[in-house]
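In case you want the letters, here they are:
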Amino acid sequence: MAINATAATFDDTIQGPLTIVDFWAPWCGPCKMMEPAMQKLEKQFGDKIKFVKMNVDGNQAIAQEYKVMSVPSLVLFRDGEAKEKVTGFYPEAKLAHYFERKIAEK
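Along each chain, the written sequence defines residue order, and numbers are assigned to residues from 1. Local features in a predicted model are, by the rule used here, given only for residues with pLDDT of at least 70; side-chain atom pairs are given and counted only at 80 or more, and totals for whole chains, interfaces and linings are based on all residues. To get the side-chain values, all heavy atoms of the structure are used, and hydrogens and water are removed first.

## Digging into the packing of helix H2 (residues 29-45) against helix H4 (residues 92-105)
Part 1 of the argument: Axes here mean lines fitted to C-alpha atoms, for a helix over just the part in contact, with angles spanning 0 to 180 degrees between N-to-C directions. Note on conventions: DSSP H or I runs of at least 4 residues are helices, E runs of at least 2 residues are strands, and numbering of each starts at the N terminus. Interhelical geometry of H2 versus H4 gives an angle of 35 degrees and a closest axis separation of 10 Å. For the pair H2 and H4, the crossing hand works out as right-handed. The residues of H4 that touch H2, namely those facing Met34, Ala37, Met38, Lys40, Leu41, Gln44 and Phe45, are Glu92, Leu95, Ala96, Phe99, Glu100 and Ile103.
Part 2 of the argument: Amino acids outside the nonpolar list (Ala, Val, Leu, Ile, Met, Phe, Trp, Tyr, Cys, Pro) and the charged list (Asp, Glu, Lys, Arg) are all regarded as polar, and Gly is one of them. Residues of the contact of H2 with H4, tallied by class, amount to 9 nonpolar, 1 polar and 3 charged. Working rule for handedness: look at the near helix, and if it is turned counterclockwise from the far one by less than a right angle, call the crossing left-handed; if clockwise, right-handed. Contacts were defined at the residue level, with two residues in contact if any of their heavy atoms lie within 4.5 Å.

This is how it looks when you write it as structure tokens:
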């Protein structure tokens, strides 16, 4: 199950070889649509990617730090450093392909 990060735990949570942070909000329709796909992908890639969820409501400073202007947004971290961001709804197959590419890059 994805780790629910808070402002207090965020810096520790993003540490690791490969972390995907899902910036979302409870009122966001596309976020709700993407959630089942993210859960399936976590089961598929959970041994290679750490999955983290960050609710932007109440965590605006962190969202702004990583230039998250809309949700859903996925930010890829390598060794605690933000490397890239994808914004908007993506189908499960497209995200799986993206994750496979990112795992292969090392």
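Next, the rest of the story.
## Comments concerning the pattern of salt bridges
Part 1 of the argument: When a carboxyl oxygen of Asp or Glu is within 4 Å of a side-chain nitrogen of Lys or Arg, the pair counts as a salt bridge. Counted under the stated rule, the structure contains 7 salt bridges.
Part 2 of the argument: Lys40 is paired through a salt bridge with Glu92; the nearest N and O atoms lie 3.8 Å apart. Taken together, the positions of Lys40 in helix H2 and Glu92 in helix H4 put the pair 52 residues apart, joining distant regions of the chain.
Part 3 of the argument: Its relative accessible area of 30% is what places Glu92 among the partly exposed residues. Only protein chains enter the calculation, and the probe is 1.4 Å; a residue is then buried if its accessible area is under 20% of its type maximum, exposed if over 50%, and partly exposed in between.

## Here's the deal with the pairing of strand E4 (residues 73-78)
Part 1 of the argument: Counting buried residues along E4, 6 of its 6 residues qualify, which places the element largely inside the surrounding structure.
Part 2 of the argument: As paired strands, strand E2 (residues 19-24) and E4 are joined by 5 bridges and run antiparallel to one another. Counterpart to Asp22 in the pairing with E4 is Leu74.
Part 3 of the argument: A pair of strands is treated as paired once DSSP finds two or more bridges between them. By the bridge criterion, 6 bridges tie E4 to strand E5 (residues 81-87) in an arrangement that is antiparallel. Residue Ser73 lies in a different strand from E5, and its bridge partner there is Thr87.
Part 4 of the argument: Adjacent in sequence and paired antiparallel, E4 and E5 are bridged by 2 residues, among which Asp79 carries a positive phi angle near 50 degrees.

## Focus on the environment of Pro36
Part 1 of the argument: Along the chain, the position of Pro36 falls in helix H2.
Part 2 of the argument: The spacing of Pro36 and Glu92 is 56 residues in sequence and 8.8 Å in space, taken between C-alpha atoms.

## Here we look at the state of the cysteines
Should the sulfur atoms of two cysteines be covalently bonded, the bond is a disulfide.
Part 1 of the argument: Disulfide: a pair of cysteine sulfur atoms within 2.5 Å of each other. Inspection of every chain in the model, using the stated rule, returns 1 disulfide.
Part 2 of the argument: For Cys28, the disulfide goes to Cys31, at an S-S distance of 2.4 Å. Taking the sign of the S-S torsion, 80 degrees for the link of Cys28 and Cys31, the bridge is right-handed.

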